[in-house]
Protein chains: 2
Amino acid sequence: MAPSATLVDEPLSIQPKKAIKGPHPLDPLSPAEIASVSQILRAAFPDHKVIFRVITLAEPPKALLAPYLQAERANQIRPKIPRKAFCQYYLNDRQQFHQVEVDIDTGKLSSREELPGKHSYTDAEEGTKAEAGCLAEPTVQAALKQLDLPENAVVVVEPWTYAPDGLEDMSQRIIMCYLHMRLSPHKDANHFAYPLDICAQMNAEYQVTKVFTLPSAESDRMVEWTGTGKKFDRRKIHSSSEYHPDLQKERRTTTTPYQVVQPEGPSFHIEGNLINWEKWRLKVGFNYREGLTIHDVTYDGRELFYRLSLSEMFVPYGDPRSPYPRKAAFDLGNNGAGVNANNLQLGCDCLGTIKYFDAYHHTLSGDPFCLPNVVCCHEQDDGILWKHTNFRTNNAVVTHSRILVLQTIITVNNYEYIFAFHFNQAAEISYEVQATGIVSTNLIDIGDSATSGTVVALGVLAPFHQHLFSLRIDPAIDGHKNSLLVEESYAIPYKDPVFHNPAGIGYTTQETFIEHEMPLDTDVTKARVFKMVNENVLSPVNGAPVGYKLVPHNSQMLLAHPDSLHAKRSEFGAHAVWVTRYHDKELYASGQHTMQSPGGEDGVRSLIQSRKEGVRDEDIVIWHTFGTTHNPRTEESPVMPTEKMMVSLKPVNFFTRNPAIDVAISNQLTNKSVLVTDVSCTGCT
Amino acid sequence: MAPSATLVDEPLSIQPKKAIKGPHPLDPLSPAEIASVSQILRAAFPDHKVIFRVITLAEPPKALLAPYLQAERANQIRPKIPRKAFCQYYLNDRQQFHQVEVDIDTGKLSSREELPGKHSYTDAEEGTKAEAGCLAEPTVQAALKQLDLPENAVVVVEPWTYAPDGLEDMSQRIIMCYLHMRLSPHKDANHFAYPLDICAQMNAEYQVTKVFTLPSAESDRMVEWTGTGKKFDRRKIHSSSEYHPDLQKERRTTTTPYQVVQPEGPSFHIEGNLINWEKWRLKVGFNYREGLTIHDVTYDGRELFYRLSLSEMFVPYGDPRSPYPRKAAFDLGNNGAGVNANNLQLGCDCLGTIKYFDAYHHTLSGDPFCLPNVVCCHEQDDGILWKHTNFRTNNAVVTHSRILVLQTIITVNNYEYIFAFHFNQAAEISYEVQATGIVSTNLIDIGDSATSGTVVALGVLAPFHQHLFSLRIDPAIDGHKNSLLVEESYAIPYKDPVFHNPAGIGYTTQETFIEHEMPLDTDVTKARVFKMVNENVLSPVNGAPVGYKLVPHNSQMLLAHPDSLHAKRSEFGAHAVWVTRYHDKELYASGQHTMQSPGGEDGVRSLIQSRKEGVRDEDIVIWHTFGTTHNPRTEESPVMPTEKMMVSLKPVNFFTRNPAIDVAISNQLTNKSVLVTDVSCTGCT
């Protein structure tokens, strides 16, 4: 995003504004800064070729940034903070994989580290080269020929990162190429409708090392292709799996237009990456890996959250037959939610009055380029906010809920994910994830059944899989010293000696402070609630520590066996809530490196196992694991309607009363609804 | 709702339409019919005074109605069905409480039943008389005088139905009067801010039988008032608990207008109570008790649901101290979701292009009157429906989700509940419940703490309570013979002899058909899914029985002890899912009579205990219990921001592919979104 001029605002009546030029410490790197950093690094390694994998903002340590943000909000002099970039690069070849920090102002390098055995994330170029290398490989061509595909077949390769399955040396980069075909010359014809019988394993140089026949009715595992095999079963040819409007001609004409109009413009105010809206003040961040991040969230001047982000996501497939255990995606660590963010289109993706944010990424040569419209910001009506009618007078008082939506959409091969933060006028935040796009497909013989998948079209198996997300919540509830308080509701025993409870209907709550870093589970049967509180700030109304509760999205946790590589590598999927002590740079629930990682290093479980620090009245971080066990249904083919998951953060005894009590009363003069009197239906029965 | 002329639609090309005059069997009674029925009943008891408690449509037996509906949808001759009213009335006095069915065409009475020991629901007149009787009572006046209230105090009575607590004869109608006061002459000043120290118990003749001092720091139970007690603590006087805009002056001016415009009108077509929208076809019903009901739901001509309704709701308070166990509301059976439905206001409650439905109720004399605007119908944009971008071509295809909302709002004393059915273009249905309004308040001494409540304002305790709802789902998945299939996802053991699973990552599903009527629980740890299927109709794609899955709202179940009257009387709160065999008239999860009921008669648990009929490939009914354990927070005072709960019904292998594949592609020409370029913020920091 473009760097903003940060203004020091003296109270308006005293002095005029003085501008401090230069980026805000949380502003992503500008194109000029990206170019500068790559220049600095090339100069540092004059006899080498530097291949830039990551050039991104190194967010300042909290010890420097928190006081900066506080001073900024209080209109005081801000301390000077070094502005640094975090870089990962290859020196000449993939074997020399390094990282370093670069001070943008001084050009000084620091924290340089070699990363032997680690792998950089994948990218579009790797996918393209993998596809080309695969299709050019003679063995692959022979195998395709043996399949005897229809004449109009165009073979398409879906390249996958390799999730270690114990069968290969994970220190060597591997790409799995799953072959599909389309039977139309149209470049958006749905090749997922025709998963083919073979796949290819490829090395980092885009050379195919093995070609396999995939499991089928005859074999419950992949088998190296040796020259023979089944032909493509032409009974599988069908036409109902297209989604592109050029090929899926049936189109409803029944849906009348629906427009959102804001005649006075939106209620939000934006300066650079700073958003002010309905007493909310927050900063929008963006980086190649996490995509959209939210910083320095306050409501009515009170601190709430230092940082909110999706810290990782893991999508493991549950088909046990090789090579399918290799399908387990870390869409942030392996692919990057930032680099894969869609270019959102006005009126297509986004309805209403829309503000877009751009981002910048860089080529392998370190040249910056724009990722336009990666985040959209707009308001939405969310129905009624609060209402009451006094039955004695029949006077109704009602307010409508206006929410602020900050949204981004990523495409990771077949899948799309929509990530949105919602803010409402009652000081509540929601994080909504929606899955859409195309379910991953493997082949299945006609008439065969599957124990770990659903047949969604002729010869098309959609394997069972899970989507697990880790929402990282760095609370700053009225300050940085917080605690995690777990509340449960339980029935008071009948005729309890203390509570008496003669009618047997009483219930009360048990509250437990969490003392040390640990994992926790949700438990709906106990109405378990997780509250992030500040024990040093008590509600003037009832003396409870002010807080925000996490309203989790209750989900099944990771099904893969705890000893499996999936479990070891993902780490966060074992439990619904993790609480850690804050440490700089601990941002990723599965650790810094996920690509062909062994796990057990710096994911959230490993961090805890290695230390168990105190989290009582400390600077803490909450990681919420949620998602869905996705056993596909035919309705999800060829593209799936969005599956929604929502997590909320709500104030608990933080405010002395409803923070939305002052929202304007809903009225027809402003809202201009239209009364429908006649929508009679000629021809309806 | 106004009776509709039902048209027989021959295919348009063959014959012109012929109208069959007369109401549809599912049309609620018209005003003329209500008047006719009351006339018939008065004539049947010429020497008596008939006090009409209920005059409502007796929905026809399914054996008659289902063939009728099928014929109607198929444009065939419809069988004639008797049209009957169901009535409950007093003959002269409350002791003679009867019910009967009246054939509207013939005037014949049938199914007449005396209801000794049963109580009719409460209504506004009872509340008004209770308040008057309470305030007129000398003991109450003496107790109020002893409280030494401020001069400007206006005492207000909150009348409550009596939830039996074992201390009174439940066959005698009791009203509990909780006294509050307001300190402003404004009639909408919030009296819930000042719960007073006394309450009164009253009989059916509005005579106060006892006056109690409520529990406080001194006593953990109510004590009969004998002349002395504490004075009202004037330190409790505060001004922050007002919600009415005349008294809560602070009002945001930051929220700019947001309007929804449908320049070509809405996409729905409505004839009487028949709605056609985006391949959905359904009928809207309404009655005094359940409020909004949905009937005969089909999508693209295929049967889905015979009937959807809120069958009951139970709101028990968890404060064990007498008299608070008496606070446990059955807002349908005791109060009526229909009679308490709000008169929805264009542009206040409802945003966009709105169609309203009216309903009719009747006076105690049997005279019909209108309940206007009790149900609103409108479209809403619900974000993205499905999207995919082919990364090779960068061609994005995206559709927006348009939903149809049918909504009603009820006010039951302090609380408001918003009930809405949402239908989307992917053939999914959601049922959303929102709680708002004012949390019930009891007094608490300043400085005292509570174990079963939250202090939300000075001297104001909001007791812990639960909201439990029972959604009654009468499926007709491609016909009336359905089964309930429970699916769970479980990890395949490492190195399983059948599946092998060498990587330890595989998982599969276990499916169990439910054979007999029984209760079931949700279990998120097993990703337990409840599918209503038709075993006689198999998916042509994968051979699975076509179905719809219930996506439950996972909730804590009833906390009251299983032996308590709360548990016995509510019945449905014990488990999340109940499946029963269909029987006519079994509509209410806690039974026909809830007012001061003993329980154990005809609630869903009793029905099952008494028979355990088969539900495999039968006409079945699913009852989903969901809700929230509500431990109030200060942010919910003086009115609470809506707390949302949502249940969904989604097709599973019912369609051969995504039923929304043909939705119009989202485009700017139609959607007319507006790009924001400058919303800079003068004065923002």
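Thresholds applied
- Residues numbered from 1 in each chain as written.
- Chains lettered and ligands numbered in written order.
- Predicted model: local features only at pLDDT ≥ 70, side-chain atom pairs only at ≥ 80, totals over all residues.
- Heavy atoms only, no water.
- UniProt positions renumbered as here; feature names shortened; annotations may be inferred.
- Helix = DSSP H or I, 4+ residues; strand = E, 2+ residues; numbered from the N terminus.
- Rg over C-alpha atoms; globule rule 2.2 N^0.38 Å.
- Buried < 20%, exposed > 50% of the residue type's maximum accessible area, 1.4 Å probe, protein only.
- Contact = heavy atoms within 4.5 Å.
- Areas by Shrake-Rupley, 256 points an atom, 1.4 Å probe, with all protein chains shown as cover.
- Lys, Arg positive; Asp, Glu negative; His and termini not counted.
- Charge placed at Lys NZ, Arg CZ, Asp CG, Glu CD.
- Least-squares fit on C-alpha atoms with pLDDT ≥ 70 in both.
- Buried area = accessible area lost by both parts, 1.4 Å probe.
- Salt bridge = Lys/Arg side-chain N within 4 Å of Asp/Glu carboxyl O.
- Polar contact = N/O pair within 3.5 Å; in protein donor to acceptor, adjacent residues only side chain to side chain.
- Pairing = 2+ DSSP bridges.
- Phe/Tyr/Trp six-rings, centres within 6.5 Å; stacked < 30°, edge-to-face > 60°.
- Lys NZ or Arg CZ within 6 Å of the ring centre and 35° of its normal.
- Axes fitted to C-alpha atoms, helices over the stretch in contact; angles between N-to-C directions.

- By the naming in an unreviewed UniProt entry, chain A is Amine oxidase, taken from Exophiala viscosa.
- UniProt annotates chain A under Sequence similarities (unreviewed entry) with the comment "Belongs to the copper/topaquinone oxidase family."
- Quoted straight from UniProt, the Subunit (unreviewed entry) entry for chain A says "Homodimer."

## Re the overall build of chain A
Alright, step 1. Helices and strands together make up the secondary structure of chain A, namely eight helices and 36 strands.
Alright, step 2. At 27 Å, chain A has a C-alpha radius of gyration in line with the 26 Å of a compact globule built from 685 residues.
Alright, step 3. In terms of overall dimensions, chain A has a C-alpha envelope of 80 × 75 × 60 Å along the principal axes.
Alright, step 4. Residue burial in chain A is summarised as follows: out of 685 residues, 64% are buried.
Alright, step 5. Long-range pairs, those at least 24 residues apart, make up 66% of the contacts in chain A between residues at least 6 apart in sequence.
Alright, step 6. Summing over all exposed atoms, chain A offers an accessible surface of approximately 23,500 Å²; the carbon and sulfur share of this is 52%.
Alright, step 7. Across chain A, the mean location of the 64 positive side-chain charges is 2 Å away from that of the 81 negative side-chain charges.

## Some words on the relation of the copies chain B and chain A
Alright, step 1. The transform that puts chain B on chain A rotates by 180° and translates by 0.0 Å along the axis, for an RMSD of 0.0 Å. Look at the turn and shift together and you get a two-fold axis relating the two. Distance from the rotation axis, computed per C-alpha, reaches its smallest value in chain B at Val260 of chain B: 2.4 Å.

## Some thoughts on unusual backbone geometry
Alright, step 1. For the bond running from Ser322 of chain A to Pro323 of chain A, omega is 5°, close enough to zero to count as cis.
Alright, step 2. In this fold, Pro323 of chain A is placed in the loop between β17 (302–316) and β18 (328–330).
Alright, step 3. The phi dihedral of Asn75 of chain B is positive, around 65°, even though this residue is not glycine.
Alright, step 4. Tracing the chain through its elements places Asn75 of chain B in the loop between α2 (62–73) and β4 (84–91).
Alright, step 5. Its relative accessible area of 24% is what places Asn75 of chain B among the partly exposed residues.

## Concerning the UniProt feature "modified residue: 2',4',5'-topaquinone" (unreviewed entry) in chain A
Residue and element names in this part refer to chain A.
Alright, step 1. Per the UniProt record, the feature "modified residue: 2',4',5'-topaquinone" (unreviewed entry) sits at Tyr415.
Alright, step 2. With respect to the secondary-structure elements, Tyr415 resides in strand β22 (residues 415–423).
Alright, step 3. On the basis of relative accessibility, which here comes to 3%, the residue Tyr415 falls in the buried class.
Alright, step 4. Excluding anything up to four places from it in sequence, Tyr415 contacts Tyr317, Ile410, Ala435, Thr436, Ile438, Val439, His465, His467, His630 and Met640.

## Here's the deal with the interface of chain B and chain A
Interface extent is often summarised as the accessible area lost during association of the parts.
Alright, step 1. Taken together, the 185 residues of chain B in the interface contact 185 residues of chain A.
Alright, step 2. Carbon and sulfur atoms make up 53% of the area that chain B and chain A hide from each other, which totals about 15,700 Å².
Alright, step 3. Where chain B meets chain A, there are 16 salt bridges.
Alright, step 4. In this structure, Lys650 of chain B and Glu643 of chain A form a salt bridge, with 3.5 Å as the shortest nitrogen-oxygen distance.

## Remarks on the side chain of Asp619 of chain A
Alright, step 1. Summarising the element assignment, Asp619 of chain A is placed in the loop between α7 (604–611) and β34 (620–630).
Alright, step 2. At 2.9 Å, the side chain of Asp619 of chain A forms a polar contact with the side chain of Lys62 of chain A.

## Some thoughts on the sheet that holds strand β26 (residues 460–463) of chain A
Residues and elements named next belong to chain A.
Alright, step 1. Within the open sheet, the three strands sit side by side as β24-β26-β25. Their pairing is antiparallel. Edge positions in the open sheet fall to β24 (442–443) and β25 (453–457), since each of these has one partner strand only.
Alright, step 2. Bridge count between β24 and β26: two bridges; the pairing is antiparallel. Considered in β26, the bridge of Asn442 is made with Leu461.

## Regarding the packing of aromatic side chains
Alright, step 1. Scanning the model with the defined rule gives 45 aromatic pairs over all chains in all.
Alright, step 2. Seen from their ring centres, Tyr194 of chain A and Phe232 of chain A are 6.3 Å apart, and the 80° between their planes marks the pair as edge-to-face. Of this pair, Tyr194 of chain A sits in the loop between β8 (174–182) and β9 (195–203) while Phe232 of chain A sits in the loop between β11 (223–224) and β12 (259–261), and the two are 38 residues apart along the sequence.
Alright, step 3. Relative accessible area serves as the criterion here: at 5%, Tyr194 of chain A is assigned to the buried category.
Alright, step 4. Residues Phe464 of chain A and Tyr507 of chain B carry aromatic rings whose centres are separated by 5.7 Å and whose planes lie at 25° to one another, so their mutual orientation is stacked. Of this pair, Phe464 of chain A sits in the loop between β26 and β27 (465–475) while Tyr507 of chain B sits in strand β29 (residues 507–513), on two different chains.
Alright, step 5. A relative accessible area of 1% means that Tyr507 of chain B is categorised as buried.
Alright, step 6. The rings of Trp280, Tyr299, Phe305, Phe423, Tyr548, Phe654 and Phe655 of chain A are connected pair by pair, giving a single aromatic cluster.
Alright, step 7. A cation over an aromatic ring shows up here: Arg472 of chain A above the ring of Trp623 of chain A, its NZ or CZ 5.3 Å from the ring centre.

## A short note on the UniProt feature "active site" (unreviewed entry) in chain A
All names here are of chain A.
Alright, step 1. As recorded in UniProt, the sites labelled "active site" (unreviewed entry) are Asp331 and Tyr415. In three dimensions, the annotated residues from a span of 85 residues occupy one location, with a maximal C-alpha spread of 10.1 Å.
Alright, step 2. With respect to the helices and strands, Asp331 occurs in helix α5 (residues 331–335).
Alright, step 3. For Asp331, a relative accessible area of 5% gives the class buried.
Alright, step 4. Dropping the residues within four chain positions of it, Asp331 is found in contact with Glu312, Met313, Val315, Gly336, Ala337, Val412 and Tyr417.

## Structural notes on helix α7 (residues 604–611) of chain B
All names here are of chain B.
Alright, step 1. Of the positions making up α7, those classed as buried are Val604, Ser606, Leu607 and Ile608.
Alright, step 2. Contacts from the buried residues of α7 go to β30 (518–520), β33 (577–581) and β34 (620–630).
Alright, step 3. One or two residues past the end of α7 sits Lys612, with phi positive at roughly 55°.

## As for the sheet that holds strand β3 (residues 50–58) of chain A
Residue and element names in this part refer to chain A.
Alright, step 1. Sheet architecture is open: four strands sit in the order β3-β4-β5-β6, paired in antiparallel fashion. Sheet topology places β3 and β6 (109–114) at the edges, where each strand pairs with a single neighbour. In this sheet, adjacent strand axes meet at a mean angle of 20° when their direction is disregarded.
Alright, step 2. Relative to β6, strand β5 (residues 93–103) is paired through four bridges, and the arrangement is antiparallel. Bridge pairing in β6 places His98 opposite Glu114.
Alright, step 3. Against the sheet, helix α1 (residues 31–44) makes contact with β3, β4 (84–91), β5 and β6, and its axis sits at roughly 130° relative to β3, the strand it touches most.

## Comments concerning the pairing of strand β16 (residues 291–299) of chain A
All names here are of chain A.
Alright, step 1. With nine of its nine residues buried, β16 lies for the most part within the structure.
Alright, step 2. Summarising the sheet, strand β15 (residues 280–287) and β16 pair through seven bridges and their orientation is antiparallel. Residue pairing across strands places Arg281 opposite Thr298, the latter belonging to β16.
Alright, step 3. Linkage of β15 to β16, two consecutive antiparallel strands, is achieved through a turn of three residues.
Alright, step 4. In this antiparallel pair of consecutive strands, β16 and β17, the connection spans two residues, and Asp300 shows a positive phi of 55°.

## Details of the environment of Ala396 of chain B
Alright, step 1. You can see Ala396 of chain B is positioned in strand β21 (residues 395–412).
Alright, step 2. Sequence separation of Ala396 of chain B and Lys650 of chain B is 254 residues, and the distance between their C-alpha atoms is 26 Å.

## A few points about the side chain of Glu432 of chain A
All names here are of chain A.
Alright, step 1. Along the chain, the position of Glu432 falls in strand β23 (residues 429–437).
Alright, step 2. No salt bridge forms around the buried Glu432; measuring N to O, its nearest opposite-charge neighbour Lys644 is 4.4 Å away.
Alright, step 3. At a separation of 3.2 Å, a polar atom in the side chain of Glu432 contacts the side chain of Gln434.

## Here's the deal with the pattern of salt bridges
Alright, step 1. For the structure on display, the rule yields 106 salt bridges over all chains.
Alright, step 2. Arg633 of chain A serves as the salt-bridge partner of Glu428 of chain B, at 3.0 Å between the closest nitrogen and oxygen. Of the two residues, Glu428 of chain B sits in the loop between β22 (415–423) and β23 (429–437) while Arg633 of chain A sits in the loop between β34 and β35 (640–652), which places them in two different chains.
Alright, step 3. Residue Arg633 of chain A is classed as buried on the basis of its relative accessible area of 2%.
Alright, step 4. One salt-bridge network, in which partners are shared between bridges, spans Glu72, Arg73, Arg78, Arg281, Lys283, Asp296 and Glu303 of chain A.

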